[in-house]
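Architecture and fold: a report
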2 protein chains.
Amino acid sequence: MKACIITIGNEILKGRTVNTNAAHIGKFLTSRGYEVERGITVKDNLDEIKWAIDESFGKYDIIVTSGGLGPTFDDMTVEGVSRALGLELVEDRETLEILSKRYKELSAELTPERLKLAYIPAGSHAIRNPVGAAPGIWISGGKSSILVLPGVPREMEAILDQADSLINKNDRFYYEATERLAGVMESAMAPIVNRIMEEHAGEVYVKTHPLKSETRNPEIDVEVSAYADSAEMAEQAVRDTIREILAEARRMGKK
Amino acid sequence: MKACIITIGNEILKGRTVNTNAAHIGKFLTSRGYEVERGITVKDNLDEIKWAIDESFGKYDIIVTSGGLGPTFDDMTVEGVSRALGLELVEDRETLEILSKRYKELSAELTPERLKLAYIPAGSHAIRNPVGAAPGIWISGGKSSILVLPGVPREMEAILDQADSLINKNDRFYYEATERLAGVMESAMAPIVNRIMEEHAGEVYVKTHPLKSETRNPEIDVEVSAYADSAEMAEQAVRDTIREILAEARRMGKK
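Residues numbered from 1 in each chain as written. Chains lettered and ligands numbered in written order. Predicted model: local features only at pLDDT ≥ 70, side-chain atom pairs only at ≥ 80, totals over all residues. Heavy atoms only, no water.

Let's talk about the overall build of chain A
Our working definition: Per the convention used, a helix needs a DSSP run of H or I reaching at least four residues, while a strand needs a run of E reaching at least two, with both numbered from the N terminus. Throughout, a contact is declared for two residues whenever any of their heavy atoms are within 4.5 Å. In these tables, accessible area is a Shrake-Rupley quantity obtained with a 1.4 Å probe, and a residue counts as shielded only by the protein chains included in the view.
If you tally the helices and strands in chain A, you get ten helices and eleven strands. Seen along its three principal axes, the alpha-carbon backbone of chain A occupies a region of about 75 × 40 × 35 Å. Within chain A, counting contacts between residues at least 6 apart in sequence, those at least 24 apart form 69% of the total. Looking at chain A as shown, the accessible area adds up to about 10,900 Å², and 49% of this sits on carbon and sulfur atoms.

A few points about the interface of chain A and chain B
For clarity, the threshold we go by: Summed over both partners, the accessible surface that disappears when two parts come together, traced with a 1.4 Å probe, is what is meant by buried area. Only one rule defines a salt bridge in this text: a Lys or Arg side-chain nitrogen within 4 Å of an Asp or Glu carboxyl oxygen. Residues adjacent in sequence count toward polar contacts only when both atoms are side-chain atoms; beyond that, a polar contact is any pair of N or O atoms within 3.5 Å, and within protein one must be able to donate a hydrogen and the other to accept it.
Contacts between the two partners involve 65 residues from chain A and, on the opposite side, 64 residues from chain B. For the chain A and chain B pair, buried surface summed over both sides reaches about 5,600 Å², with 50% attributable to carbon and sulfur atoms. The three residues of chain A that bury the most area against chain B are Lys14, Arg16 and Phe73 of chain A, which together make up 13% of that side's buried surface. Along the contact surface separating chain A from chain B lie twelve salt bridges. A salt bridge links Lys207 of chain B to Glu11 of chain A, with the nearest nitrogen and oxygen atoms 2.8 Å apart. Where chain A touches chain B, the interface holds 30 residue pairs in polar contact (both at pLDDT 80 or more).

Describing the pattern of salt bridges
Rule in force here: Classification of residues uses two cut-offs on accessible area relative to the type maximum, computed with a 1.4 Å probe and protein chains only: under 20% is buried, over 50% is exposed, and between them is partly exposed.
Throughout the structure, instances matching the rule amount to 40 salt bridges over all chains. With a shortest N-O distance of 3.0 Å, Glu235 of chain B and Arg239 of chain B are connected by a salt bridge. Here the residue Glu235 of chain B and the residue Arg239 of chain B both occupy positions in helix α10 (residues 231–251), the gap between them amounting to four residues, near one helical turn. Note on Glu235 of chain B: relative accessible area 29%, which makes it partly exposed. Among the charged side chains, a salt-bridge network with shared partners connects Arg195, Glu199, Glu244, Glu248 and Arg251 of chain A.

Considerations on the relation of the copies chain A and chain B
Note the cut-off: To line up the copies, we fit them by least squares on C-alpha atoms, keeping just the residues with pLDDT of at least 70 in both.
Superposing chain A onto chain B requires a rotation of 180° together with a translation of 0.0 Å along the rotation axis, leaving an RMSD of 0.0 Å. When the rotation and shift are considered jointly, the pair of chain copies conforms to a two-fold rotation axis. Judged by C-alpha distance, Ile40 of chain A is the residue of chain A that lies nearest the rotation axis, at 2.3 Å. Most of the interface of chain A is mirrored in chain B: 98% of its interface residues are interface residues there too.

So, the sheet that holds strand β11 (residues 219–228) of chain B
Residue and element names in this part refer to chain B. Here is the rule: Strands were regarded as paired on the criterion that DSSP finds at least two bridges between them. Comment: axis = line fitted to C-alpha atoms, over the contacting stretch for helices; angle = value between 0 and 180 degrees taken between N-to-C directions.
Pairing within the open sheet is antiparallel, and its three strands lie in the order β9-β11-β10. Pairing within the sheet leaves two strands with one partner each, and these edge strands are β9 (173–182) and β10 (205–210). Taken pair by pair, the neighbouring strands of this sheet meet at an average axis angle of 20°, ignoring direction. Contacts from α10 reach β9, β10 and β11 within the one sheet, and its direction differs from that of β9 by about 20°.

Points about the sheet that holds strand β2 (residues 35–42) of chain B
Across the sheet, which stays open at both edges, the twelve strands sit in the order β6(A)-β7(A)-β8(A)-β3(A)-β1(A)-β2(A)-β2(B)-β1(B)-β3(B)-β8(B)-β7(B)-β6(B) with mixed pairing between neighbours. Both edges of this open sheet fall to β6 (125–127) of chain A together with β6 (125–127) of chain B, since each of them pairs with a single strand only. Neighbour-to-neighbour, the strand axes of the sheet open up by a mean angle of 15°, direction not taken into account. Looking at chain direction, strand β7 (residues 136–139) of chain A and strand β8 (residues 145–149) of chain A are connected through three bridges and run antiparallel. Note on β8 of chain A: the bridge partner recorded for Ile139 of chain A is Ile146 of chain A. Packed on one face of the sheet, helix α3 (residues 46–56) of chain A meets β1 (2–8), β2 (35–42), β3 (62–66) and β8 of chain A together with β2 of chain B and runs near 160° to β2 of chain A.

Concerning the domain arrangement of chain A
Quoted interface sizes are often the accessible area lost when the parts come together. Keep this limit in mind: Start and end points for every domain follow an automatic or database-based domain assignment.
Taken domain by domain, chain A consists of domain 1 (2–167) and domain 2 (173–251). Look at where the C-alpha atoms of domain 1 of chain A and domain 2 of chain A centre, and you get two points 36 Å apart.

Observations concerning the nonpolar core
The test is simple: Here, nonpolar core refers to any group of buried Ala, Val, Leu, Ile, Met, Phe, Trp, Tyr and Cys residues whose side-chain atoms link them within 4.5 Å.
If you look at the biggest cluster of nonpolar residues, it comprises 61 residues, and the most contacted ones within it are Ile6, Ile40, Val42 and Ile53 of chain A together with Ile6, Ile40 and Val42 of chain B. For Ile40 of chain A, the residues in contact, after removing those within four places along its chain, are Cys4, Ile5, Ile6, Thr7, Trp51 and Ala52 of chain A together with Gly39 of chain B.

What to know about the state of the cysteines
Our working rule: Sulfur atoms of two cysteines make up a disulfide when they are within 2.5 Å.
Overall, the coordinates contain zero disulfides over all chains when judged by the stated rule. The thiol sulfur of Cys4 of chain A is not disulfide-bonded, and the nearest other cysteine sulfur, from Cys4 of chain B, lies at 14 Å.

A closer look at α10 of chain B
All names here are of chain B. Note the following rule: One less than the residue count of a helix, multiplied by 1.5 Å, gives the span that helix is expected to have. Arc, as used here, means the arc of the directions from the helix axis to the C-beta atoms.
A rise of 1.5 Å per residue sets the reference length of α10, with its 21 residues, at 30 Å; its end C-alpha atoms lie 31 Å apart and thus fit the reference within 8%. Within the sequence span of α10, burial applies to Ala234, Ala237, Val238, Thr241, Ile242, Ile245, Leu246, Glu248 and Ala249. In a view along the axis of α10, the buried residues occupy a sector of 165°, so they form one face of it. Exposed and facing more than 90 degrees away from the buried side of α10 are Glu232, Arg243, Arg250 and Arg251.

Some details on unusual backbone geometry
Residue and element names in this part refer to chain A. Even without being glycine, Ser107 reaches a positive phi, approximately 50°. Even without a glycine there, the phi angle at Asn170 is positive, about 55°. By the element assignment, Asn170 lies in the loop between α8 (164–167) and β9 (173–182).

Right, here's the structure in full:
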């Protein structure tokens, strides 16, 4: 099961906002057995959003977008997704009722900017936003399922949790563990990692992350991960590999 | 001047690592007058890295990559960039000397994994890494300049600073300022922002960021930014627009 994450917003590209949403969504999908294969960040621009969807639609089992769902002119994710898929925007009755009630309580008008949040692509369905105004949107089936989430982190997280039953197929499982090795240069571990990766190709993935200088007082994290058909198999593959790596590191006289 | 940032690494896609590098590079480029138009994150995979370069080469004035420069098998950025550009890898004499000296001092062999760091695309030049082993790489001219940086943040930052004179053209300037408005719903500001954006199309950009719930105790950041031919012009455009927005907000009876 393959996934792509699309984040929308000039503020991310400028570095005004660190892309914690992509990390949160990436963690969520990985823990549900997906392999997140690509991340794309585009501006608040219709052509760019459409490009990102066109580029990923059909390549991944799921595409999750975040950002661009608000009431201002530059919130154009829903329109961009609709254009890419050739779907019209239709009024979602339930969202409209929620918005009507909400703004009535505030004695505020249901202006076109507020009404915009009730329009979703034909055939999709709205996922209620328990903490804000813009609903999430789920477009299932076809070549890729698409989950459209808002950019405000607590709204994004709340809707993602609600979409768990739609996303989680419970047929692939992920497990990872990390061992920290002090006094080992990443380049010294490289041949060992290469050999293990070759011997267990497709079963486990080993990646080293240098934490300090390679040559002065080195320290690395060795991250081992696996996808498998059961949680137990994934964990077993990771544990076996870690044992093998630690034995090799000891043989090198380091730890 | 348009820019694209490519970050490479499974750990970013999985959400194990938050992509602070993209934010740092985005801020750096924006403050030097670039508009960062797109961000791409790909796996440690040759085809994916090549795809990201192919997709962006020729569309942007500068492409900055981060990650995948280490000694392990899955560090393949240099090879991916070389393949995309059709350039052979050649030994960089200066880097080779630095590496030779470094590992000699540690009585460590110059293994193939360590030697790998001295190979760069033909016609490019290495940028010395003051805090680590892998140099940065600058590929200038052609349809896009490419700056290749390591993924370890302090190494990436140190090399980016050294590349400033290559990147900074000093002919476009960026300025931004943010005003926080309490008690204003984002949807209430939307028509005002739309009007101002239309009247100043291409000169300034106004974006609202909701900080709290839209309807309960609302609070928003109004971010105004501009690119111009001088720093003074950019600042003036931003200040004038902020004055106009604050006047409108006051007229609405809010602040």
